[in-house]
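Next come the chains, spelled out residue by residue.
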Amino acid sequence: MPRVAVIGAGLAGLTCAKQLQTQGCEVVVLEKSRGAGGRLSTRRTAQAQYDHGAQYFTVRDPGFAAFIEQMCAQGAVAPWQPRLRQRSSEPWYVGTPGMSALGRAQAQGLEVRTQTRVTALVRQGSHWQLDVHEAQAIEGFDVVVVAIPNEQAQVLLQAHAAPWADALALAPMLPCWTMMFSTAQELCAFDADTPSDSAIGWWARNSSKPARAAPAGQHDWVVQATPAWTQAQLEAAPETVAQSLIEAFARAIDVAQVAPIEQPSVHRWLYARRTPGLPALEPTRCSSALGLGVCGDGLSHSRVEQAYLSGLTLAQQIAAQA
Ligand SMILES: Cc1cc2nc3c(=O)[nH]c(=O)nc-3n(C[C@H](O)[C@H](O)[C@H](O)COP(=O)(O)OP(=O)(O)OC[C@H]3O[C@@H](n4cnc5c(N)ncnc54)[C@H](O)[C@@H]3O)c2cc1C
């Protein structure tokens, strides 16, 4: 069975890696950040913990449903029933005690090398060498899986698979400023909303999610700007972004003022979600001749379920060609 390098420890990369390992491949996952999970992420501060990437997910595919059922049994996922202005027709799920728990659970049993940013793919005969930022190159892979956002994948693929890189370039990812803060006031009777008439695309009372450990009486909030507002403020100072978003949030929930316990923190996602409305690329693309595959939400829809399914499908293609 082939020796496989998976670049990116988001849910797509981890799922692909896990499936390949189950099928007998020797798999190494390379991740540039300090932990697994990618945009399934939770930031912990002295004040609280906040899911600052994916907020919740829905389940439509039977295979994904079985996986989530297993994750629920392990305690890594639970249903979330926020108070909404309009009831959702589908159940919502979140990682517990934070969104990052889902990635951590999926990483179990895998070799994940963190703080390892792959900068180039180099063809050496019939094998791949991966150049790594400020570290020795890693050699000897039969197959490389690229499981990272489109703009970042494009850079790695351009030299070897230009048509794939060009296809990804046609589906850019949109940015998202995200603000996190806590209040001592309940502020509003709802736990989440998508106000379409302001700078804000989504807000949630993070502390209303299951198994969060907010101190009694404290409310933890995550506010995400729309892509258009983010684009216009892309280079703005974090303090300016926080100030504008706090004011927009107060307008969105119709209160005179929002008083955070401490200065809000902000995070700028450069590649948050795929531009909606564009045609989907093939769910996965794999060339057996080159030993190169691509997966991740950037190929079709930026949904947690889609990331999982793309990783799984690619693994099945690779195993079938081995
Ligand atoms: C703000 C925000 C809100 C969202 N809300 C929702 C939601 O409510 N519901 C929903 O279903 N989805 C939501 N999503 C989308 C969801 O998070 C993604 O669809 C999913 O997590 C993508 O998984 P992935 O594995 O494809 O990519 P990622 O999770 O991005 O994983 C890619 C990994 O690759 C690493 N990486 C990148 N480049 C390199 C490199 N050169 N070398 C090594 N490692 C590298 C990154 O650090 C990252 O860990 C949201 C996303 C964001 C950002």
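Now for a quick tour of the structure. (Residues numbered from 1 in each chain as written. Predicted model: local features only at pLDDT ≥ 70, side-chain atom pairs only at ≥ 80, totals over all residues.)

## Topic: the pairing of strand β10 (residues 135-141)
Line of reasoning, step 1. With three bridges joining them, strand β9 (residues 127-132) and β10 adopt antiparallel strand pairing. Pairing of Leu130 across the sheet is with Ile138, part of β10.
Line of reasoning, step 2. With antiparallel pairing between neighbouring strands as the criterion, β9 and β10 make up a hairpin whose turn holds two residues, including Glu134 at a positive phi of roughly 50°. (Pairing = 2+ DSSP bridges. Helix = DSSP H or I, 4+ residues; strand = E, 2+ residues; numbered from the N terminus.)

## Some points on the site of the ligand
Line of reasoning, step 1. Looking at the ligand, there are 37 residues lining it, with Gly8, Gly10, Gly38, Ala54 and Gly296 nearest.
Line of reasoning, step 2. Of the residues contributing to the shell around the ligand, the split by class is 18 nonpolar, twelve polar and seven charged.
Line of reasoning, step 3. Lining the shell around the ligand are residues from two domains, each supplying at least three of them: domain 1 (3-49 + 56-171 + 277-321) and domain 2 (173-274). (Near = placed C-beta within 6 Å. Nonpolar A, V, L, I, M, F, W, Y, C, P; charged D, E, K, R; others polar. Domains from an automatic or database assignment.)

## Quick look at the environment of Arg113
Line of reasoning, step 1. Looking at where Arg113 falls in the secondary structure, it is placed in strand β7 (residues 111-113).
Line of reasoning, step 2. A count of 14 C-beta atoms within 10 Å places Arg113 in the partly exposed class.
Line of reasoning, step 3. The spacing of Arg113 and Asn206 is 93 residues in sequence and 30 Å in space, taken between C-alpha atoms.
Line of reasoning, step 4. Not counting the four nearest positions on each side in its chain, Arg113 is found in contact with Val28, Val29, Leu30 and Glu31. (Buried ≥ 20, exposed ≤ 12 C-beta atoms within 10 Å, placed from the backbone. Contact = placed C-beta atoms within 7 Å.)

## Details of the packing of helix α2 (residues 62-74) against helix α8 (residues 304-321)
Line of reasoning, step 1. Interaxial distance between α2 and α8 falls to 10 Å at its minimum, and their mutual angle equals 105°. On the basis of the axis angle, α2 is roughly perpendicular to α8. Residue-level contacts link Gly63, Phe64 and Phe67 of α2 to Glu305, Tyr308, Leu309 and Leu312 of α8.
Line of reasoning, step 2. Class assignment of the residues belonging to the contact of α2 with α8 gives a composition of five nonpolar, one polar and one charged. (Axes fitted to C-alpha atoms, helices over the stretch in contact; angles between N-to-C directions. Parallel < 35°, antiparallel > 145°, perpendicular 65-115°, else oblique.)

## Comments concerning the nonpolar core
Line of reasoning, step 1. The biggest cluster of nonpolar side chains holds 63 residues, and the ones touching the most others in it are Val6, Ile7, Cys16, Val144, Val145 and Val146.
Line of reasoning, step 2. Take this core: its biggest share by element is eight residues, from α8.
Line of reasoning, step 3. What Cys16 contacts, discounting residues up to four positions off in sequence, is Val6, Val145, Ala147, Cys295, Gly311, Leu314 and Ala315.
Line of reasoning, step 4. The next biggest cluster of nonpolar side chains, apart from the first, holds 28 residues, and it includes Ala192, Val223, Ala242 and Val266. (Core = buried A, V, L, I, M, F, W, Y, C linked by C-beta atoms within 7 Å.)

## A few points about the environment of Leu312
Line of reasoning, step 1. One can find Leu312 in helix α8.
Line of reasoning, step 2. Overall, the presence of 22 C-beta atoms within 10 Å leaves Leu312 in the buried class.
Line of reasoning, step 3. Sequence separation between Leu312 and Gly63 is 249 residues; the distance between their C-alpha atoms is 9.7 Å.
Line of reasoning, step 4. Leu312 has contacts with Thr15, Gln19 and Gly63, leaving out every residue within four places of it along the chain.

## Considerations on the pairing of β9
Line of reasoning, step 1. As paired elements, strand β8 (residues 118-124) and β9 share six bridges and run antiparallel to each other. Within the sheet, the bridge partner assigned to Ala120 lies in β9 and is Asp131.
Line of reasoning, step 2. Count of turn residues in the β8/β9 antiparallel hairpin: two residues, of which Gly125 carries a positive phi of about 65°.

## Considerations on the sheet that holds β9
Line of reasoning, step 1. Ordered by their spatial adjacency, three strands build an open sheet running β8-β9-β10, and the pairing between neighbours is antiparallel. Among the strands making up the open sheet, the edge pair consists of β8 and β10. Neighbour-to-neighbour, the strand axes of the sheet open up by a mean angle of 20°, direction not taken into account.

## Some words on the sheet that holds strand β14 (residues 200-205)
Line of reasoning, step 1. Read from one edge of the open sheet, five strands run β13-β14-β15-β12-β16, paired in antiparallel fashion. Each edge of the open sheet carries a strand with a single partner, namely β13 (192-193) and β16 (265-274).
Line of reasoning, step 2. Note that strand β12 (residues 173-183) and β16 share seven bridges and pair antiparallel. Pairing of Leu174 across the sheet is with Arg273, part of β16.

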